[in-house]
Amino acid sequence: MRDDVKRVPIFGLGCAAGAVGLSRLYDYLRAWPDQVAVLVCVELCSLTAQRDDGSLANLVASGLFGDGAAAAVAVGGDRETGPGLPVRWGPQVVATRSKLYPGTQRLMGWDVGEHGFRIVLAADLVDHVEATLASDVTAFLGEHGLSPGEVTSWVCHPGGPKVIETIAEAFALGNGELDLTWESLQRVGNLSSVSVLNVLQETIERRRPPDGEPGLLMALGPGFSAELLLLRW
């Protein structure tokens, strides 16, 4: 890369970080619409596996999470494109929303100690998702004149089977809208920030909606937090 690349290291946002990174690309390119921005996600989830920890949280996390890496390139609205670029671009980001839930520090995250990262994964995490996500997503879409039923593509981070099932139930997604999310989880596991980019790539290549259709990209992460992006294909 050129030696004048502007770098912004981000750490600690876990499963939400892929979506957060896309949101920060969007922010930057709104300010500098003639430029190009690159998001690089690298996850070493296996570092949280603790050999001396027989807790259910450690066993679940060790079986669910995996290592991975992914990158995404975004261009501003005023950027001139030239020959040789991919024909099938990804969607346009229309708006973003970050949601931080106070008092939920022990739902998901890490305890950092002398043996490295020890996973924090509460049993009632799914209950919190069920209680809050539907209303927050509905409110976000409503600000842009949309309802969940009008969203034609759902690019969701595969947090785990129960989380995916909760999302499907909350938004009445029973017609294969989350098939690519399920496939990603089955094939490679939860790759933290990388997973939502994997699902986005598969959506572009295999399930791209017609031009102009609205989509929603979302991921949940430590904090506890949610990151939402309204897309336009």
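What comes next concerns the included structure. (Residues numbered from 1 in each chain as written. Predicted model: local features only at pLDDT ≥ 70, side-chain atom pairs only at ≥ 80, totals over all residues. Heavy atoms only, no water.)

## Regarding the nonpolar core
In plain terms, the rule: Throughout this description, the term nonpolar core refers to a set of buried Ala, Val, Leu, Ile, Met, Phe, Trp, Tyr and Cys residues connected via side-chain atoms within 4.5 Å. For every residue, the accessible area obtained with a 1.4 Å probe (protein chains only) is divided by the maximum for its type, and the residue is called buried under 20%, exposed over 50%, and partly exposed between those limits. Starting at the N terminus, helices and strands are each numbered in turn, a helix being any DSSP run of H or I of at least four residues and a strand any DSSP run of E of at least two. In this description, contact between two residues means that some pair of their heavy atoms is separated by no more than 4.5 Å.
By size, the foremost hydrophobic cluster in this structure holds 37 residues, and its most contacted members are Leu-133, Trp-154, Ile-167 and Met-218. Among the secondary structure elements, those contributing two or more residues to this core are α2 (56-64), α3 (125-142), β6 (153-156), α4 (161-170), β7 (214-221) and β8 (225-232). In terms of residue count, the dominant contributor to this core is α3 (seven residues). Not counting residues within four places of it along the chain, the set of residues in contact with Met-218 comprises Leu-133, Val-137, Trp-154, Val-155, Cys-156, His-157, Ile-167, Phe-171, Val-196, Glu-227 and Leu-228. Grouped together as the second largest cluster of nonpolar side chains are 22 residues, Leu-25, Val-199, Ile-204 and Ala-219 included.

## As for unusual backbone geometry
For residues that are not glycine, phi is negative in most cases, and the peptide bond is trans in most cases. That bond from Gly-223 to Phe-224 is cis: its omega, -10°, falls within 30 degrees of zero. The topology assignment puts Phe-224 in the loop between β7 and β8. A positive phi angle, near 55°, is found at Ser-192, a position not held by glycine. Mapped onto the elements of the fold, Ser-192 is located in the loop between α5 (179-188) and α6 (193-206).

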